[in-house]
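What the coordinates show
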Amino acid sequence: MPINIAIDGPAGAGKSTVAKKLAEDYGYIYVDTGAMYRAMALYFLRQGIDSHDEAAIGRACETVSISLEYENGIQQVYLNGENVSSELRTEAVGNMASNTSVYAPVRKKLVELQRELAGRRDVVMDGRDIGTAVLPDATLKVYLTASSHVRAERRYKELTERGESCSLEAIEQDIIERDYRDMHRELSPLKQAEDAILLDTSALNFEEVMREMEKLVEAAKKNPIAVGNF
Ligand code: DC
């Protein structure tokens, strides 16, 4: 059985940075499922499809193709054969992804791809519904979170370092709205799985989070069932 590590949590909790480093340290594949929802969203944006037009989104899902490849261990997302990895991290694509990930055809298509990957490779997979819906039998499930203020500050720092002008208040408001949408949608809403371990990173730096994660992975590899009873 491949080792499957599921990391869920709200936007900006540090999931991708942690998951990426963990995968690198253990030699597993890092699967960024948010990037898959973002690639779908990019397609809808390019096609001029409205985020509330469920019928058009359903039709688009029948023909669109999303696939993942790994170059030097780094995930590349292909949309209809085109590598779109560098176009996925904008606020517009993120908001479109949050709005369109509520629809069943979008989730069905991507969950199939995610399960197929995790069934044949050791993976660290991050997202919103990995522990609750995609990989219910994962070796380890972690719910990574932080206060909305801390998450907004991290995002603000990232954007200003990239030279983008932005407002901290607007970012925090956006995070609060996205959390609400992700947690209150009907299908696979963001929530902590019963057997997931909660890790609040508000007061932790990256090294401290990694130390906690490594302890959890080591314990889970020895005893996948007992890890939830810490
Ligand atoms: O993690 P992210 O910001 O890249 O994700 C973008 C959106 O995709 C997020 O707001 C909700 C959706 N998503 C999802 O519904 N399920 C996942 N497993 C991952 C992301």
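This is a predicted model, so every value here is computed, not measured.

1. A closer look at the overall build of the protein
Check the secondary structure of the protein and you find 9 helices and 8 strands. Taking 230 residues into account, the globule formula puts the C-alpha radius of gyration at 17 Å, and the protein, at 17 Å, falls close to it. Each of the three principal axes of the protein carries a C-alpha extent, and together these read 50 × 40 × 35 Å. At a minimum sequence separation of 6, the contacts of the protein that also span at least 24 residues come to 74%. Carbon and sulfur atoms make up 50% of the accessible area of the protein, which amounts to about 11,500 Å² in all. Averaging the positions of the 28 positive and the 38 negative side-chain charges in the protein gives two centres separated by 2 Å.

2. Some points on the sheet that holds strand β2 (residues 29–32)
Reading across from one edge, β2-β6-β1-β7-β8 is the order of the 5 strands in this open sheet, with parallel pairing throughout. The open sheet has two edge strands, β2 and β8 (197–200), and neither has a second partner. On average, each strand axis in the sheet is tilted by 20° relative to the strand beside it, whichever way the strands run. Bridge analysis of strand β7 (residues 140–145) against β8 gives 4 bridges, and the strand direction is parallel. Across the sheet, the residue bridging to Val142 is Ile197, located in β8. Relative to the sheet, helix α1 (residues 15–26) contacts β1 (4–8), β2, β6 (123–127) and β7, its axis offset from that of β6 by approximately 175°.

3. Side note on the layout of surface pockets
When its volume is computed, the second largest pocket comes out at roughly 240 Å³. If you go around the second largest pocket, you meet 15 residues; those closest to its centre are Met1, Pro2, Asn4, Asp137 and Thr139. Of all the elements, helix α5 (residues 104–120) adds the most residues to the lining of the second largest pocket, at 3 residues.

4. Here's the deal with the UniProt feature "binding site: ATP" (unreviewed entry) in the protein
When the UniProt feature table is mapped onto this chain, "binding site: ATP" (unreviewed entry) is found at Gly9, Pro10, Ala11, Gly12, Ala13, Gly14, Lys15, Ser16 and Thr17. The residue Pro10 is located in the loop between β1 and α1 in this model. Residue class for Pro10 comes out buried when judged on its relative accessible area of 1%. Mapped onto the fold, Ala11 is located in the loop between β1 and α1. Discounting chain neighbours no more than four positions away, the residues touching Ala11 are Arg128, Arg151, Arg178 and Asp179.

5. Some points on the UniProt feature "domain: Cytidylate kinase" (unreviewed entry) in the protein
Mapped onto this numbering, the UniProt entry gives "domain: Cytidylate kinase" (unreviewed entry) at residues 5–217. Secondary structure content for residues 5–217 is 52% helix and 17% strand, while the C-alpha to C-alpha distance between its ends is 8 Å.

6. Description of the side chain of Ser101
Mapped onto the elements of the fold, Ser101 is located in the loop between α4 (91–100) and α5. For Ser101, the side chain forms a polar contact with the side chain of Arg185, separated by 3.3 Å. Among all residues touching Ser101, those that are not within four sequence positions of it are Tyr37, Val106, Arg107 and Arg185.

Quick notes on the rules
- Residues numbered from 1 in each chain as written.
- Predicted model: local features only at pLDDT ≥ 70, side-chain atom pairs only at ≥ 80, totals over all residues.
- Heavy atoms only, no water.
- Helix = DSSP H or I, 4+ residues; strand = E, 2+ residues; numbered from the N terminus.
- Rg over C-alpha atoms; globule rule 2.2 N^0.38 Å.
- Contact = heavy atoms within 4.5 Å.
- Areas by Shrake-Rupley, 256 points an atom, 1.4 Å probe, with all protein chains shown as cover.
- Lys, Arg positive; Asp, Glu negative; His and termini not counted.
- Charge placed at Lys NZ, Arg CZ, Asp CG, Glu CD.
- Pairing = 2+ DSSP bridges.
- Axes fitted to C-alpha atoms, helices over the stretch in contact; angles between N-to-C directions.
- 1 Å grid on protein atoms, 1.4 Å probe; cavity = no way out; pocket = protein on both sides within 12 Å on 5 of 7 lines; lining within 4 Å.
- Points joined across faces, edges and corners; volume = space filled by probe spheres on them.
- UniProt positions renumbered as here; feature names shortened; annotations may be inferred.
- Buried < 20%, exposed > 50% of the residue type's maximum accessible area, 1.4 Å probe, protein only.
- Polar contact = N/O pair within 3.5 Å; in protein donor to acceptor, adjacent residues only side chain to side chain.

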